Amino acid sequence: EADIYQTPRYLVIGTGKKITLECSQTMGHDKMYWYQQDPGMELHLIHYSYGVNSTEKGDLSSESTVSRIRTEHFPLTLESARPSHTSQYLCASSDWGSPLHFGNGTRLTVT
Amino acid sequence: GENVEQHPSTLSVQEGDSAVIKCTYSDSASNYFPWYKQELGKRPQLIIDIRSNVGEKKDQRIAVTLNKTAKHFSLHITETQPEDSAVYFCAGFTGGFKTIFGAGTRLFVKA
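The present account deals with the structure reproduced in this document. None of these values were measured; they are calculated from a predicted model. (Residues numbered from 1 in each chain as written. Chains lettered and ligands numbered in written order. Predicted model: local features only at pLDDT ≥ 70, side-chain atom pairs only at ≥ 80, totals over all residues. Heavy atoms only, no water.)

1. Thoughts on unusual backbone geometry
Working note: non-glycine residues mostly have negative phi, and peptide bonds are mostly trans.
Inference 1: Note the cis peptide between Thr7 of chain A and Pro8 of chain A, where omega equals -10 degrees.
Inference 2: Looking at the secondary structure, you find Pro8 of chain A in the loop between strand 1 (4–7) and strand 2 (10–13).
Inference 3: Each neighbour pair has its own omega, and for His7 of chain B with Pro8 of chain B the value is -5 degrees, a cis peptide bond.
Inference 4: Residue position: Pro8 of chain B is located in the loop between strand 1 (4–7) and strand 2 (10–14). (Helix = DSSP H or I, 4+ residues; strand = E, 2+ residues; numbered from the N terminus.)

Structure below.
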C-alpha cells in the first residue's frame, strides 16, 4: 500500500549521540518535509525538499540536516543530540498543490 | 510574512452540538486550504479541503467555507460525536510551495 513510513517509532538516546531518523514514501511524491511537534501542539517546519538534490531550511531553526538522494527517501540527521531536541518528528510528502500525507512520527527522547 | 491564524485554541461542546473553527490568512496568493485532524498519539490526516475557486464544500457532517475577500475560512462540524474529539489544524497553501499551518484547535466533545 502506498504510504509514508518512519523509523524508528520511538527512540531514547543519550546526549551527544548522532542519530538519523528515517523517512520513506512509496507515493512518488516530489515534495517532502520534516516537522517538529510537541504532542498536540503546533507543527513547526524544520526542513523541506522540492525533489532529488533539493533541500531547504524551514521556519524553525534546527541543528539537524537532511539529504534527498532518492525521491522516496528523506532522512533527518542530528549530529549531536541534546535534551532540547526531545520532541516528536513528523515526516510528510505531497504532490504540488495537494495535501500533505504524514508519517506516524518518531518520538525522540534525549536524556 | 505569510501567516495563518486559527481560533479558538480550545473548544468544548456537548455531543450533538455544532462546532466552528475559524482561520484567517495573510497571503492573498493562497489558493488551497486543507484541514487536518490529529487524534491523540496519531498523525495528522486530511479531513476536507477547499480551493479558492469554490466558496463552500461539504462532506457528510463536516463543511468548509471560504471568504476570499475577507481572507478567512472556517470548518463546521455538525452533530458532533465523542470521536470528533481531536486537534484540528487549518492550513493555507500559497501558489509557490509553502503550506502554512494554523496553531491548532483542541476540540472536546462531551458525551
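2. Considerations on the packing of aromatic side chains
Inference 1: In the structure shown here, the tally under the stated rule is 13 aromatic pairs over all chains.
Inference 2: For the ring pair Tyr35 of chain A and Phe102 of chain A, a centre distance of 5.9 Å and an interplane angle of 50 degrees mean the geometry is tilted. Of this pair, Tyr35 of chain A sits in strand 4 (residues 31–37) while Phe102 of chain A is found in strand 10 (residues 101–102), placing the two residues 67 residues apart along the sequence. Take Tyr35 of chain A and Phe102 of chain A: they sit in the same class, and that class is buried.
Inference 3: Here Tyr36 of chain B and Phe101 of chain B contribute two aromatic rings whose centre-to-centre distance is 5.5 Å and whose plane-to-plane angle is 50 degrees, an arrangement assigned as tilted. Residue Tyr36 of chain B is found in strand 4 (residues 32–38), and its partner Phe101 of chain B is found in strand 10 (residues 99–101); the two are separated by 65 residues along the sequence. Each member of the pair, Tyr36 of chain B as well as Phe101 of chain B, carries the same accessibility label: buried.
Inference 4: Among the aromatic residues, those joined into a cluster by ring pairs are Tyr33, Tyr35 and Phe102 of chain A together with Tyr36 and Phe101 of chain B.
Inference 5: Lying across the ring of Phe74 of chain A, Arg68 of chain A places its NZ or CZ 5.9 Å from the centre. (Phe/Tyr/Trp six-rings, centres within 6.5 Å; stacked < 30°, edge-to-face > 60°. Buried < 20%, exposed > 50% of the residue type's maximum accessible area, 1.4 Å probe, protein only. Lys NZ or Arg CZ within 6 Å of the ring centre and 35° of its normal.)

3. Digging into the pairing of strand 5 (residues 44–49) of chain A
Residue and element names in this part refer to chain A.
Inference 1: In terms of burial, strand 5 is a largely internal element, five of the six residues being buried.
Inference 2: Pairing analysis gives five bridges linking strand 4 to strand 5, with the strands arranged antiparallel. The residue of strand 5 that forms the bridge with Tyr33 is Tyr48.
Inference 3: In the sheet, strand 5 pairs with strand 6 (residues 56–57) via two bridges, with the strands oriented antiparallel. Residue pairing across strands places Tyr48 opposite Glu56, the latter belonging to strand 6.
Inference 4: Counted between consecutive antiparallel strands, the loop separating strand 5 from strand 6 contains six residues, among which Asn53 sits at a positive phi close to 65 degrees. (Pairing = 2+ DSSP bridges.)

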